[in-house]
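# Examination of the molecular architecture
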Amino acid sequence: MYKAAGKGLFLIFIGEILKLFSVVSYLSSLAVIAGGVVMIIGFLNLSKATSGYQTALMLVLANIVVSFLRMILGWVPILSGLLYIASIAISFMVVYFVCSNTGELLSNIDRNV
């Protein structure tokens with residue numbers, strides 16, 4: 001269980017680093033796609049550790065849909081702004097669920113020692 005969690009968190013970290021390369025214009029789309037795929041694989045590994053990470057995985061997938069809609073509807077300023085706010089809120093919830101579930105997992109280690 002802990003090994004799957006560690007591997008999943010590491011892949012999420014690598015995915016975020018890959019997404020940093022999106023600032024380079026010719027790498028941006030490739031970096032975002034590669035980072036997203038690595039993050040999804042990381043969340044799949046995390047969901048094996050404890051079921052609480054499945055909520056974070058579902059939120060990541062929902063954020064991909066919201067981002068895709070924002071890309072399509074970007075020419076409508078109000079919708080683009082609302083979808084951007086929704087994406088930020090979903091990202092915040094992902095961080096919350098990852099941190100709270102990781103804290104719970106680590107507190108279980110402390111109890112088992």
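Look up: the structure comes first, before these words.
Cut-offs and rules
- Residues numbered from 1 in each chain as written.
- Predicted model: local features only at pLDDT ≥ 70, side-chain atom pairs only at ≥ 80, totals over all residues.
- Heavy atoms only, no water.
- Helix = DSSP H or I, 4+ residues; strand = E, 2+ residues; numbered from the N terminus.
- Expected span 1.5 Å × (residues − 1).
- Buried < 20%, exposed > 50% of the residue type's maximum accessible area, 1.4 Å probe, protein only.
- Arc of directions from axis to C-beta.
- 1 Å grid on protein atoms, 1.4 Å probe; cavity = no way out; pocket = protein on both sides within 12 Å on 5 of 7 lines; lining within 4 Å.
- Points joined across faces, edges and corners; volume = space filled by probe spheres on them.
- Polar contact = N/O pair within 3.5 Å; in protein donor to acceptor, adjacent residues only side chain to side chain.
- Contact = heavy atoms within 4.5 Å.
- Core = buried A, V, L, I, M, F, W, Y, C linked by side-chain atoms within 4.5 Å.
- Patch = residues over 30% accessible without salt bridge, like charges linked within 9 Å, V, L, I, M, F, W, Y side chains within 5 Å.
- Areas by Shrake-Rupley, 256 points an atom, 1.4 Å probe, with all protein chains shown as cover.
- Salt bridge = Lys/Arg side-chain N within 4 Å of Asp/Glu carboxyl O.

Along the polypeptide, Thr-55 turns up in helix α3 (residues 52-72). It is 9.1 Å that separates the C-alpha atoms of Thr-55 and Val-98, two residues lying 43 residues apart in sequence.

A rise of 1.5 Å per residue sets the reference length of helix α1 (residues 2-20), with its 19 residues, at 27 Å; its end C-alpha atoms lie 27 Å apart and thus fit the reference within 8%. Inspection of α1 places Ala-5, Gly-8, Leu-11, Ile-12 and Gly-15 among the buried residues, and these make up the whole buried set. An end-on view of α1 places all buried positions within 130° of arc, on one side of the element. Across from the buried face of α1, at angles greater than 90 degrees, the exposed residues are Lys-3, Lys-7 and Leu-20.

The next point concerns the layout of surface pockets. By volume, the largest pocket is sized at about 910 Å³. Contributing to the lining of the largest pocket are 25 residues, with Lys-19, Val-32, Asn-63, Ile-64 and Ser-67 lying nearest its centre. For the lining of the largest pocket, the secondary-structure elements that each account for two or more residues are α1, α2 (28-49), α3 and α4 (77-112). Counting residues per element, the lining of the largest pocket draws most heavily on α2, at eight residues.

This next bit is on the side chain of Ser-47. Examined against the element boundaries, Ser-47 turns out to sit in helix α2. Assessed through its relative accessible area of 15%, Ser-47 is described here as buried. In this structure the side chain of Ser-47 is engaged in a polar contact, spanning 2.7 Å, whose partner is the backbone oxygen of Leu-44. With residues up to four places along the chain from it excluded, the contact list for Ser-47 reads Tyr-53 and Gln-54.

Once that is clear, we can look at the nonpolar core. Grouped together as the largest cluster of nonpolar side chains are 17 residues, with contacts concentrated most on Phe-43, Leu-46, Val-94 and Val-98. Mapped onto this core, the elements with two or more residues apiece are α1, α2, α3 and α4. Here this core gets six residues from one element, more than from any other, and that element is α3. Non-local contacts of Leu-46, meaning those with residues more than four positions away in its chain, are made with Ala-4, Ala-5, Gly-8, Leu-9, Ile-12 and Tyr-53.

Moving on to a nonpolar patch on the surface. On the surface, a cluster of nonpolar side chains totalling about 620 Å² of accessible area is made up of Ile-78, Leu-79, Leu-82, Tyr-84, Ile-85 and Ile-88. Mapped onto the fold, Ile-88 is located in helix α4. Take Ile-88: its relative accessible area is 44%, and that puts it in the partly exposed class.

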